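Here are the chains, one letter per residue:
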Amino acid sequence: MKDSTMLNETHNPQLRSWVASAQQPGTDFPLQNLPHCVFRRRGSTEPWRGGVAIGDAILDMAAAHAQGVFGAAADTAAQAASAGTLNGLMALGPQAWSALRLALSRLLRDSAPETARLQPCLVAQADAEYAVPAQIGDYTDFLTSQYHALNAGRIFQPQAALPPNFKWLPIGYHGRASSVAISGTGVLRPQGQNRAPDAAMPVFGPTAKLDYELELGIFVGPGNPRGTAIALDAAEDHVFGICLLNDWSARDVQAWESVPLGPFMAKNFLTSVSPWIVTLEALAPYRTALPRAVDDPAPLGYLQSASVQGIDIQLEAWLTPAGSRQGTRLSRTSYRHAYWSVAHMLAHHSSNGCNLQTGDLLGTGTQSGPEPGEEGCLLELTRGGQVPLRLPDGTERGYLQDGDSLLLRGWCEREGQARIGFGECRGTVLPAREI
Ligand code: MN
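Every value quoted in this text rests on a predicted model; they were computed, and no experiment measured them.

A. Main features of the coordination of the manganese ion. Those protein atoms acting as donors to the manganese ion are Asp141 (OD), Glu213 (OE), Glu215 (OE) and Asp247 (OD), and they sit at 2.1 to 2.2 Å. Expressed as a motif, the donor residue spacing for the manganese ion is D-x71-E-x1-E-x31-D. Taken together, the residues span a long stretch of sequence, with aspartate 141 in strand β6 (residues 139-143) and glutamate 213 in the loop between β12 (210-211) and β13 (214-220) at a distance of 72 residues.

B. View of the nonpolar core. Counting 60 residues, the largest nonpolar core has Tyr212, Ile242, Leu283, Ile313, Tyr335 and Leu406 as its most contacted members. Within the residue set of this core, elements represented by two or more residues are α6 (146-156), β13, β14 (239-246), β20 (314-320), α8 (342-349), α9 (378-381), β25 (405-412) and β26 (420-430). The element contributing the most residues to this core is α8, with five residues. If you look at the next biggest cluster of nonpolar residues, it comprises 57 residues, including Phe29, Ala57, Ala177 and Phe219.

C. Inspection of helix α4 (residues 94-107) at higher detail. A rise of 1.5 Å per residue sets the reference length of α4, with its 14 residues, at 20 Å; its end C-alpha atoms lie 20 Å apart and thus fit the reference within 8%. All of the buried residues along α4 are Ala96, Trp97, Ser98, Leu100, Arg101, Ala103, Leu104, Ser105 and Leu107.

D. Looking closely at the environment of glycine 310. Mapped onto the fold, glycine 310 is located in strand β19 (residues 310-311). The spatial distance from the C-alpha of glycine 310 to the C-alpha of alanine 289 is 5.8 Å, given a sequence separation of 21 residues.

E. Summary view of the packing of aromatic side chains. Throughout the structure, instances matching the rule amount to five aromatic pairs. Measuring from centroid to centroid gives 5.2 Å for phenylalanine 29 and tryptophan 276, while their planes differ by 50°, and the two rings are tilted. Of this pair, phenylalanine 29 sits in the segment before β1 (36-41) while tryptophan 276 sits in the loop between β16 (271-273) and β17 (278-279), placing them 247 residues apart in sequence. Look at tryptophan 276 and you get buried, because its relative accessible area is 3%. Each ring, one from tyrosine 130 and one from tryptophan 276, has its centre 5.5 Å from the other, and the planes form 65°; the classification is edge-to-face. In this pair, tyrosine 130 sits in strand β5 (residues 128-131) while tryptophan 276 sits in the loop between β16 and β17, placing the two residues 146 residues apart along the sequence.

F. Representation of the pattern of salt bridges within the structure. Using the criterion set out here, one finds 22 salt bridges in the structure. Across the salt bridge formed by glutamate 213 and lysine 267, the nearest N and O atoms sit 3.0 Å from each other. Of the two residues, glutamate 213 sits in the loop between β12 and β13 while lysine 267 sits in the loop between α7 (251-257) and β16, which places them 54 residues apart along the sequence. Given the relative accessible area of 3%, glutamate 213 is considered buried. Through salt bridges with shared partners, a single ionic network connects Asp211, Glu213, Asp247, Arg251 and Lys267.

G. Just unusual backbone geometry, in detail. Cis geometry marks the peptide bond from valine 259 to proline 260; its omega dihedral reads 10°. Non-glycine residue leucine 34 carries a positive phi angle of around 60°. Looking at the element boundaries, leucine 34 is found in the segment before β1. Backbone geometry at arginine 383 places phi at a positive 45°, although glycine is not the residue there. Relative to the assigned elements, arginine 383 resides in the loop between α9 and β23 (389-390).

H. Main features of the sheet that holds β5. The five strands lie next to each other as β4-β3-β2-β1-β5, forming an open sheet whose pairing is antiparallel. Looking along the sheet, the strands with just one partner apiece sit at the ends: β4 (122-124) and β5. Strand-to-strand twist across the sheet, computed as the mean angle between neighbouring axes with direction ignored, equals 50°.

How each quantity is defined
Residues numbered from 1 in each chain as written. Predicted model: local features only at pLDDT ≥ 70, side-chain atom pairs only at ≥ 80, totals over all residues. Heavy atoms only, no water. Donors = N, O, S within 2.8 Å, 3.2 Å for Na, K, Ca; no water. Helix = DSSP H or I, 4+ residues; strand = E, 2+ residues; numbered from the N terminus. Core = buried A, V, L, I, M, F, W, Y, C linked by side-chain atoms within 4.5 Å. Buried < 20%, exposed > 50% of the residue type's maximum accessible area, 1.4 Å probe, protein only. Expected span 1.5 Å × (residues − 1). Phe/Tyr/Trp six-rings, centres within 6.5 Å; stacked < 30°, edge-to-face > 60°. Salt bridge = Lys/Arg side-chain N within 4 Å of Asp/Glu carboxyl O. Pairing = 2+ DSSP bridges. Axes fitted to C-alpha atoms, helices over the stretch in contact; angles between N-to-C directions.

Below you can see the structure in the form of structure tokens.
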């Protein structure tokens with residue numbers, strides 16, 4: 001087991017890269033980050049291959065590996081990181097990921113002797129297009145924010161408290177892997193069935209309550225055989241890294257269909273993920289204590305550990321209407337408010353012997369915080385559409401309109417540490433069409 005909260009030389013905030021843009025203030029991709037993606041030159045028929053972000057460039061891992069610069073300890077991982085999906089890299093586990101991170105950090109440092117050989121392996125991010133970075137076998141979405149659970153519950157029942165199970169287990173449902181798509185994919189307004197509260201019968205048509213959900217996605221590294229469980233204290237060894245995730249939701253469909261079995265057609269039409277997967281090791285400087293009130297129940301044994309931590313990831317959602325250049329920030333919160341950690345999600349998911357597989361995607365659920373403005377979706381922000389937001393162009397939004405572009409951002413910063421970011425997760429709403 002490897003301690004994913006321990007700092008090492010790759011986190012040193014003084015490190016500088018020979019890629020000058022990695023030193024740009026506010027960049028998401030300084031040398032301390034080194035997230036992975038799958039990419040090719042935009043509009044080309046080049047093969048998809050793995051890349052690593054540095055400044056405003058991508059280190060083409062296939063080209064870099066061909067230079068033979070990675071050394072024995074990291075060569076296998078470097079080769080896996082150059083493939084058209086990252087499942088092979090994800091399967092290798094924390095020691096291999098860490099060896100690759102160390103090699104990349106040394107190769108990209110400003111005095112690295114390999115500079116001249118690696119310079120031709122850079123591709124501008126501005127010239128790239130991205131693919132979903134793993135073959136995702138299964139996608140599971142959780143509900144780990146108590147503020148989202150409370151705010152959303154109160155829209156339907158003003159006196160609602162947290163569900164009675166919330167502080168005992170990370171609530172989740174099985175989502176749909178086939179419709180997980182890369183950032184930038186158009187968001188076709190889905191058709192669906194819904195029933196107005198006092199209507200005699202439901203109707204089928206375009207959703208009128210299209211929403212976003214500000215979430216993080218977790219990519220599973222090594223899985224567990226069916227019939228075994230992942231122990232809480234070992235769970236982070238099974239986590240490759242984290243991306244931004246937008247769980248687009250049709251709230252009118254959701255309200256009608258969800259009792260008694262939970263979300264189905266309201267969410268399975270599209271889930272957007274950002275191209276970059278930030279490794280857990282890169283996130284080590286930003287770990288936080290989990291929020292627990294003194295009178296909260298002690299979790300059951302398999303969900304109890306003194307060493308499990310949260311992560312302080314700053315999160316934002318921005319809306320830009322069609323034809324407008326001005327975006328409006330809708331949400332700003334932090335993942336540090338999540339009640340259940342990434343490790344809890346994996347430990348609970350496998351606690352009945354369910355086998356997680358390499359490349360599986362887990363969603364954290366909508367992330368909301370305690371203060372106004374920290375609500376992670378329009379359902380909460382507009383109280384179910386009842387209190388529309390006024391945008392700078394004078395229009396109002398209860399829910400998303402056709403042409404609206406939604407942007408998720410995430411980053412980590414802490415005194416004495418580098419600032420690292422997650423890039424962007426975008427989507428523009430397209431008008432419904434007959435299917
Ligand atoms: Mn969700």
